[in-house]
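This is what each chain is made of:
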Amino acid sequence: MTNINVESCKSLLAWMTDHVQKVVVLTHANPDGDALGSSLGLHVVLQHAGFQSTVIYPTEFPHLVPGMKDYRDWMVYEQNEAAANKIMEESDLLFYLDFNDPKRVGKVKKKLDQLKKMVVLIDHHPLPIIDTPFLFSDTQVSSTAELVYDFVVKMGWGAMLDQAGATALLTGIIADTASFSHNAKRSELYRAVSELIAKGADQLKIQKSLFNTNSADRLRLLGFALSEKMVIFPEYHAAYISLTREELKRFNFKIGDTEGFVNYPLSIEGIVFSTFFMENEDKIKISFRSTGSFAANEFSAQHFGGGGHHNAAGGESRQSLKEAVDKWVALLPQYLADLKKESQQ
Ligand code: 5GP
Ligand code: MN
């Protein structure tokens, strides 16, 4: 764990002053509210600080940040590979935001492997495996957006954070804490939030943009998932929801529609581990959520090739949906002691 310290910011600033004109900000594939908010917030500041900045998102995403289309100079890699590759080749510095493992950028990884560029990592996932002298990683912090705020201030760029930048960063914070309901214990978080609001970020607008943009289809899919597809194992304090491709199609599924579904089973008294399985074109995408001591990221890393945070992780399976679910169910007995312990907290 490396906190953002003034010394490393000073040396980065000196290096950037001498070597950097063009910057690329990159996030993980399927960017969520924190990836989008942290990247746009940093991007706006970099532009005001005189750098030529471009944000590259590996894949398409729902427009969670209010006024997303009014932010300039961002692109989706899978929609414009050639142009994005050229911009990365011509850049002097890459910022990696909200991921700890180069595998998380999807198809962009192939390009990154060819580039020999200086990288700055700003992230809050455990155990980053990205090789750079500028590693700003802290798992105690609510979100990458909060880390970006801290970074911007320590770089001496606080004055460059305008209303658009503050809005983006507060979106990241509210998204990753689910409106201050987890990872939100530290008083520093609220100092950052206070500053962002003072700069004009409108928290009600952000809440609306993040959470009140349901389509009728999405709400019906959620109703179906909860009433027909949620399976509860009270004896293991665990539950899962699974959706087939056919079921998703029936509700006109769009990217982002199942965001947050995995959290609902955790609101059942006594449930401490929840898993959501979704059948994609070529694989099963899996989300894991847990409470307290139960390590969702270890469960995912050991059995479903993924990882993430202690209480919020992702993974995948190349088996059929049924096989993946059966595997998960069969694993529960060996976790009984851990699940029970957490349920008694
Ligand atoms: P989600 O369930 O929302 O897709 O992901 C939950 C958390 O786990 C996010 O912080 C995300 O970055 C991380 N995550 C999701 N999928 C993977 C994965 O395949 N590998 C790793 N290392 N982290 C993941
Ligand atoms: Mn995050």
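Residues numbered from 1 in each chain as written. Chains lettered and ligands numbered in written order. Predicted model: local features only at pLDDT ≥ 70, side-chain atom pairs only at ≥ 80, totals over all residues. Heavy atoms only, no water.

### Re the packing of helix H2 (residues 33-48) against helix H6 (residues 163-176)
- Viewed as axis vectors pointing N to C, H2 and H6 meet at an angle of 160°, and their least axial separation amounts to 7 Å. The angle between H2 and H6 places the two elements in the roughly antiparallel class. When you trace H2 past H6, the crossing you get is left-handed. Touching Gly-33, Asp-34, Gly-37, Ser-38, Leu-40, Gly-41 and Val-44 of H2 are Gly-165, Ala-168, Leu-169, Thr-171, Gly-172, Ala-175 and Asp-176, all from H6.
- For the contact of H2 with H6, the per-class residue count stands at 5 nonpolar, 7 polar and 2 charged. (Axes fitted to C-alpha atoms, helices over the stretch in contact; angles between N-to-C directions. Helix = DSSP H or I, 4+ residues; strand = E, 2+ residues; numbered from the N terminus. Parallel < 35°, antiparallel > 145°, perpendicular 65-115°, else oblique. Left-handed = near helix turned anticlockwise from the far one by under 90°. Contact = heavy atoms within 4.5 Å. Nonpolar A, V, L, I, M, F, W, Y, C, P; charged D, E, K, R; others polar.)

### Section: the coordination of the manganese ion (ligand 2)
- Taken together, Asp-34 (OD), Asp-98 (OD), His-124 (NE2) and Asp-176 (OD) make up the protein donors of the manganese ion (ligand 2), found 2.2 to 2.4 Å from the metal.
- In primary-sequence terms, the residues that donate to the manganese ion (ligand 2) follow D-x63-D-x25-H-x51-D. Pair noted here: Asp-98 is in the loop between strand E4 (93-97) and helix H4 (108-114) and Asp-176 is in helix H6, with a separation of 78 residues, a long-range link. Summarising the burial analysis for this pair, Asp-98 and Asp-176 share the class buried. (Donors = N, O, S within 2.8 Å, 3.2 Å for Na, K, Ca; no water. Buried < 20%, exposed > 50% of the residue type's maximum accessible area, 1.4 Å probe, protein only.)

### Some words on unusual backbone geometry
- Despite not being glycine, Asp-98 has its phi angle at roughly 70°, a positive value.
- Of the residues examined, Asp-98 reaches a relative accessible area of 1% and is grouped as buried.
- Positive phi values are uncommon outside glycine, yet Leu-127 reaches one of about 50°.
- Within the secondary structure layout, Leu-127 lies in the loop between strand E5 (118-123) and strand E6 (134-137).
- Judged by relative accessible area, Leu-127 falls into the exposed class, the value being 73%.

### Things to note about the sheet that holds E4
- Read from one edge of the open sheet, 6 strands run E3-E2-E1-E4-E5-E6, paired in parallel fashion. Of all strands in the sheet, those with a lone pairing partner are strand E3 (74-76) and E6, marking the two edges. The mean angle between the axes of side-by-side strands here comes to 20°, regardless of whether they run parallel or antiparallel.
- As paired strands, strand E2 (residues 52-57) and E3 are joined by 3 bridges and run parallel to one another. From the neighbouring strand, Val-55 faces E3, where its bridge partner is Trp-74.
- The strands touched by H2 are strand E1 (22-27), E2, E3 and E4; relative to E2, the strand with the most contacts, the crossing angle is about 165°. (Pairing = 2+ DSSP bridges.)

### Details of the sheet that holds strand E7 (residues 230-233)
- Read across the open sheet, the 6 strands follow the order E7-E8-E9-E10-E12-E11; overall the sheet is mixed. With one partner strand each, in any of the chains shown, E7 and strand E11 (307-308) form the two edges of the open sheet.
- Relative to the sheet, helix H9 (residues 216-228) contacts E7 and strand E8 (238-243), its axis offset from that of E8 by approximately 130°.

### Quick notes on the pattern of salt bridges
- Across all of its chains, the model carries 17 salt bridges by this definition.
- Glu-81 is paired through a salt bridge with Lys-107; the nearest N and O atoms lie 2.8 Å apart. In this pair, Glu-81 sits in helix H3 (residues 81-90) while Lys-107 sits in the loop between E4 and H4, placing the two residues 26 residues apart along the sequence.
- Note on Glu-81: relative accessible area 31%, which makes it partly exposed.
- Of the residues examined, Lys-107 reaches a relative accessible area of 58% and is grouped as exposed. (Salt bridge = Lys/Arg side-chain N within 4 Å of Asp/Glu carboxyl O.)

### A few points about the domain arrangement of the protein chain
- Along its sequence, the protein chain is organised into domain 1 (6-211) and domain 2 (216-343).
- Distance from the C-alpha centre of domain 1 to the C-alpha centre of domain 2: 28 Å.
- Between domain 1 and domain 2, the contact holds 6 residues from the first and 5 residues from the second.
- Summing both partners gives a buried area of about 460 Å² for domain 1 against domain 2, and 66% of it is carried by carbon and sulfur.
- By the criterion of area lost to domain 2, the three top residues of domain 1 are Pro-62, His-125 and Pro-126, representing 54% of everything that side buries.
- Linking domain 1 with domain 2 are 0 salt bridges.
- At the junction of domain 1 and domain 2, the tally comes to 1 residue pair in polar contact (both at pLDDT 80 or more). (Domains from an automatic or database assignment. Buried area = accessible area lost by both parts, 1.4 Å probe. Polar contact = N/O pair within 3.5 Å; in protein donor to acceptor, adjacent residues only side chain to side chain.)

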